[in-house]
Amino acid sequence: MSDVESNPVEGHRISVLIVDDHPIVRQGLRTLLELQDDIRVAGEAANGKVGVELTARLKPDVVLMDLVMPELDGISATRQINALQQGARVIALTSFVEDDKIIPAIQAGAVSFLLKDVSPNDLMEAIRAAYHGEARLHPTVMRKLMNQVAAQPVSPSKSRLT
């Protein structure tokens with residue numbers, strides 16, 4: 001068992017806040033998380049505004065953040081959660097893989113970017129990894145990021161011999 005799979009601290013369970021505007025998604029995630037011995041659900045929010053408020057109050061270790069929600073979108077909520085400086089690590093968990101979501105979510109402070117088609121095991125591993133400060137990217141997201149980086153113009157090196 002790797003460090004990421006093991007309990008963070010003996011007796012401590014990783015607290016997770018679920019932020020998603022779809023009740024069925026929140027319930028499914030809650031059910032899945034409650035099956036884990038080392039993870040507990042701290043709470044749920046139906047929009048980013050409540051997600052920020054609950055993060056400030058509950059101080060979860062990890063926040064599962066949908067990106068497209070009413071009142072306050074997940075990117076803005078992620079930015080506000082990181083501004084709290086409480087150490088909550090945000091995982092963007094969304095159905096949207098558009099370029100206008102990936103970079104802004106990462107710039108806002110999301111430590112991982114996953115799509116909702118992620119396997120339960122990969123999601124649990126990503127939560128444990130986020131708790132330990134490690135990033136995870138869905139393969140489709142990684143491919144898009146790689147393509148964006150590859151498409152950037154490369155300026156010639158300005159090294160000079162002296």
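Above: the structure in question.
These notes cover the structure that comes with them. (Residues numbered from 1 in each chain as written. Predicted model: local features only at pLDDT ≥ 70, side-chain atom pairs only at ≥ 80, totals over all residues. Heavy atoms only, no water.)

**Some points on the overall build of the chain**
Check the secondary structure of the chain and you find six helices and five strands. If you list the helices and strands of the chain from N to C, you get β-α-β-α-β-α-β-α-β-α-α. Burial statistics for the chain: of 162 residues in total, 42% are counted as buried. Long-range contacts, defined as pairs at least 24 residues apart, comprise 68% of the intrachain contacts of the chain with a sequence gap of at least 6. Of the accessible surface of the chain, which amounts to about 9000 Å², a share of 53% is contributed by carbon and sulfur atoms. (Helix = DSSP H or I, 4+ residues; strand = E, 2+ residues; numbered from the N terminus. Buried < 20%, exposed > 50% of the residue type's maximum accessible area, 1.4 Å probe, protein only. Contact = heavy atoms within 4.5 Å. Areas by Shrake-Rupley, 256 points an atom, 1.4 Å probe, with all protein chains shown as cover.)

**Some details on the environment of Gln80**
Assignment of secondary structure puts Gln80 in helix H3 (residues 74-84). For the pair formed by Gln80 and Glu53, sequence separation is 27 residues and the distance between their alpha carbons is 9.7 Å. Setting aside its immediate chain neighbours within four residues, Gln80 contacts Val52 and Leu72.

**Describing helix H2 (residues 48-58)**
Along H2, the residues that are buried comprise Gly48, Gly51, Val52, Leu54 and Thr55. Down the axis of H2, the buried set is contained in an arc of 170 degrees. They therefore lie on one face. The inward-facing, buried residues of H2 abut strand S1 (14-19), strand S2 (39-45), strand S3 (62-65) and H3. The N-cap of H2, judged by a side-chain oxygen 3.0 Å from the amide nitrogen of Lys49 a few residues on, is Asn47. (Arc of directions from axis to C-beta. Polar contact = N/O pair within 3.5 Å; in protein donor to acceptor, adjacent residues only side chain to side chain.)

**Quick look at the nonpolar core**
Across soluble globular proteins, nonpolar side chains show a tendency to be buried alongside one another. In terms of nonpolar packing, the biggest core is built from 20 residues, with Val16, Leu33, Val62, Leu64, Ile91, Leu123 and Ile127 touching the most fellow members. For this core, the elements supplying multiple residues, two or more each, are S1, helix H1 (23-34), S2, S3, strand S4 (89-94) and helix H5 (120-131). Per element, the largest residue contribution to this core is six residues, and it comes from H5. Every residue in contact with Ile127, bar those within four places of it in the chain, is listed here: Ile14, Val16, Leu33, Ile39, Val62, Leu64 and Ile91. Membership of the second largest hydrophobic core comes to 13 residues, among which are Leu72, Ala77, Ile81 and Val90. (Core = buried A, V, L, I, M, F, W, Y, C linked by side-chain atoms within 4.5 Å.)

**A short note on the packing of H1 against H5**
Interhelical geometry of H1 versus H5 gives an angle of 75 degrees and a closest axis separation of 11 Å. The orientation of H1 relative to H5 falls into the category roughly perpendicular. Taking contact as the criterion, the partners of Leu29, Leu32 and Leu33 in H1 are, on H5, Pro120, Leu123, Met124 and Ile127. The residue makeup of the contact of H1 with H5, split by class, is seven nonpolar, no polar and no charged. (Axes fitted to C-alpha atoms, helices over the stretch in contact; angles between N-to-C directions. Parallel < 35°, antiparallel > 145°, perpendicular 65-115°, else oblique. Nonpolar A, V, L, I, M, F, W, Y, C, P; charged D, E, K, R; others polar.)

**Side note on the pairing of S1**
Across the six residues that make up S1, a large majority, six, are buried. Taking every second residue as pointing to the same face, both faces of S1 are buried, with Ile14, Val16 and Ile18 on one and Ser15, Leu17 and Val19 on the other. Across six bridges, the pairing between S1 and S2 is parallel. In the sheet register, Val16 faces S2, and the bridge partner there is Val41. As a crossover connection, the stretch from S1 through H1 into S2 is right-handed. One ladder, built from four bridges, connects S1 with S3; its direction is parallel. Among the inter-strand pairings, Val19 is bridged to a residue of S3, identified as Met65. (Pairing = 2+ DSSP bridges. Right-handed = clockwise from strand over helix to strand, strands pointing away.)

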